[in-house]
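Understanding the architecture of this molecule
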Amino acid sequence: MYDFAYQKPASVADAVKLLADPEAKPLAGGMTLIPVLKQRLNKPNSVVDLAKLGLTGITVSGGTVTIGAMTTHAAVAASAEVKRAIPALAALAGVIGDPAVRYRGTIGGSLANNDPTADYPAAALALGATIKTNKRSIDADSYFQGMFATALEPGEIITAVEFPIPQKAGYEKFRNPASRYAMVGVFVANGPKGVRVTVTGAGQNGVFRHAGFEQALAKSWSAASLDGVKTPADGMNSDIHGSAEYRAHLVGVIARRALAAAG
Amino acid sequence: MPQVSVTVNGKPQTVQVEGRTLLVELLREKLGLTGTHVGCDTSQCGACVVHVDGRAVKSCTMLALQADGAKVTTIEGLAAADGTLHPMQEMFREHHALQCGFCTPGMVMAAIDLVNTHPEGLTEEQIRHGLEGNLCRCTGYHNIVKAIAAAWPLMHGKSLPAAAE
Ligand code: FES
Ligand code: FES
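Residues numbered from 1 in each chain as written. Chains lettered and ligands numbered in written order. Predicted model: local features only at pLDDT ≥ 70, side-chain atom pairs only at ≥ 80, totals over all residues. Heavy atoms only, no water.

Within the secondary structure, Lys38 of chain A sits in helix α2 (residues 33-38). The exposure class of Lys38 of chain A is buried, given its relative accessible area of 17%. Side-chain polar atoms of Lys38 of chain A contact the backbone oxygen of Cys60 of chain B, separated by 2.6 Å. The contacts of Lys38 of chain A, once residues within four sequence positions are left out, are Met1 of chain A together with Leu22, Asp41, Cys60 and Thr61 of chain B. (Helix = DSSP H or I, 4+ residues; strand = E, 2+ residues; numbered from the N terminus. Buried < 20%, exposed > 50% of the residue type's maximum accessible area, 1.4 Å probe, protein only. Polar contact = N/O pair within 3.5 Å; in protein donor to acceptor, adjacent residues only side chain to side chain. Contact = heavy atoms within 4.5 Å.)

Spelled out as structure tokens, the structure:
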């Protein structure tokens, strides 16, 4: 790892100032950034730790679950309030990485990174979440812009994520047996934004909505209504772990499991 | 050079580090606590697991400076002053849960966290999932799972409600 100046500001305003330097990188839980720095894939002059900005915590009010950006996966998975309001979201947080990673990794870090195999993007897009930053609110629909690409501007910090509470939701994934990342993860939701089905892990451009499944489930919320609905192999990843056709097939299998989980 | 202040195994320490110094480097190279191992250095194997403020984390994937102000416990900090082993260490010995021992410090630290966070009981399946971030190349895990199930009653002062086998 190349050396860098480590900074731990105590307010969002101070963090924003430090991040105005194009050579500075924000550090959330570090579960991606630290491995990236070790591999010398990135060479920031300074690393700005967001841990002391007061961005942790979970609140449920009205029809919304609000999760602070620096809230860890372990905290979301264990939260009685999240389990009650959106059990699928707690379950998703509980299957990210492994237990040690879940104690450090954060929801804001996951969404800011937008890894094409990450779990949270599937939930945010399916539930129609709002990404709150230091300067604005971004709708999940315009937030995700392809793999590792988001609507965030340089130096912009996610402060919280708001999830409208759905009537039903379920998440299921098939892990790559070696890397343990999602080869295919499917989030199904029937909520204030309608019926939505999102797929992570499989697509070349990261998370996407499955229009065919959404229309079928909007007509009738049952596994049977997915019968005969095609998942195109176009745009799916294809590698030594599985062809595009394999992944397209897997989307249908995992979507049915997600539906079963949603009940 | 920046300074980091941490309490390691009950002892306050202030050490000069670089921004890039990892927590595991602080422990092994600056403090001489070589019980914490580095197996992969890529967040996969769990040989480097230590407790930071009571939580089992991978010390190869945390900067030393991120631990500023924290309480860190390593494998060296588990046994009592008179040498009496922690119940988890005792059960690893009793159930022959190690062969080469390389993964063992991380396994023990992860296992203690797993038992602590499951006061309601722990099934064999939960133990196996709980070890997802810890790799062992020798034992085939079976005796590790047994040792953890056996440590649960000792750590909670009552017998395990659900059958662990
Ligand atoms: S050395 Fe840290 S996970 Fe392997
Ligand atoms: S005992 Fe050898 S790696 Fe686990």
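This part takes up the sheet that holds strand β11 (residues 194-200) of chain A. All names here are of chain A. Spatially, 4 strands are ordered β9-β10-β11-β12 in an open sheet, and the strand pairing comes out antiparallel. Where the open sheet ends on each side, the last strands, each with one partner, are β9 (168-175) and β12 (208-209). Strand contacts of helix α10 (residues 211-219): β10 (182-191), β11 and β12, with the helix running at about 150 degrees to β11, the strand carrying the most contacts. (Pairing = 2+ DSSP bridges. Axes fitted to C-alpha atoms, helices over the stretch in contact; angles between N-to-C directions.)

As a further point, take the nonpolar core. Of all hydrophobic cores here, the largest spans 39 residues; its most connected members are Leu111, Tyr120, Tyr143, Phe163 and Phe187 of chain A. Residue contributions to this core peak at 7 residues, all from helix α8 (residues 120-127) of chain A. Apart from the residues lying within four places of it in its own chain, the contact partners of Phe187 of chain A are Ala88, Leu92, Ala122, Ala123, Ala126, Leu127, Ala169, Gly170, Tyr171, Arg196, Val197 and Thr198 of chain A. Formed by 33 residues, the second largest nonpolar core is a distinct cluster that contains Leu37 and Ala74 of chain A together with Val6 and Cys48 of chain B. (Core = buried A, V, L, I, M, F, W, Y, C linked by side-chain atoms within 4.5 Å.)

Another point: the pattern of salt bridges. Opposite charge on two side chains permits them to pair, given that their charged atoms come into close proximity. All names here are of chain A. Within the structure shown, the criterion is met by 18 salt bridges over all chains. Here Asp141 and Arg196 are joined by a salt bridge, their closest N and O atoms 3.0 Å apart. Remark: Arg196 occurs in strand β11 and Asp141 occurs in helix α9 (residues 140-143); sequence separation between them is 55 residues. For Asp239, the salt bridge identified is with Arg247, shortest N-O distance 3.1 Å. For Asp239, a relative accessible area of 36% gives the class partly exposed. Judged by its relative accessible area of 4%, Arg247 is buried. Through salt bridges with shared partners, a single ionic network connects Lys135, Arg136, Glu153 and Glu156. (Salt bridge = Lys/Arg side-chain N within 4 Å of Asp/Glu carboxyl O.)

Residues and elements named next belong to chain B. Helix length check: helix α3 (residues 104-116), at 13 residues, gives a terminal C-alpha distance of 18 Å against a target of 18 Å (1.5 Å per residue), a fit within 8%. Here α3 lies mainly inside the structure; 12 of its 13 residues are buried. Regarding α3, the residues found buried are Thr104, Pro105, Gly106, Met107, Val108, Met109, Ala110, Ala111, Ile112, Asp113, Leu114 and Val115. (Expected span 1.5 Å × (residues − 1).)

Before going further, it helps to spend a moment on the domain arrangement of chain A. All names here are of chain A. Domain annotation for chain A reports domain 1 (5-49) and domain 2 (58-262). For domain 1 and domain 2, the distance between their C-alpha centroids amounts to 26 Å. Counting from both sides, the interface comprises 8 residues of domain 1 and, opposite them, 10 residues of domain 2. The contact between domain 1 and domain 2 buries some 760 Å² in all, and 75% of this surface belongs to carbon and sulfur atoms. Per-residue buried area on domain 1 facing domain 2 is highest for Ala28, Gly29 and Met31; these three make up 50% of the total on that side. At the surface where domain 1 touches domain 2, the tally comes to 0 salt bridges. (Domains from an automatic or database assignment. Buried area = accessible area lost by both parts, 1.4 Å probe.)

Next up on the list: the packing of aromatic side chains. All names here are of chain A. Applying the stated criterion across every chain yields a total of 2 aromatic pairs over all chains. Both rings, one in Tyr143 and one in Phe144, keep their centres 4.9 Å apart while their planes meet at 90 degrees; by these two values the pair is edge-to-face. Overall, the relative accessible area of 0% leaves Tyr143 in the buried class. For Phe144, a relative accessible area of 12% puts it in the buried group. (Phe/Tyr/Trp six-rings, centres within 6.5 Å; stacked < 30°, edge-to-face > 60°.)

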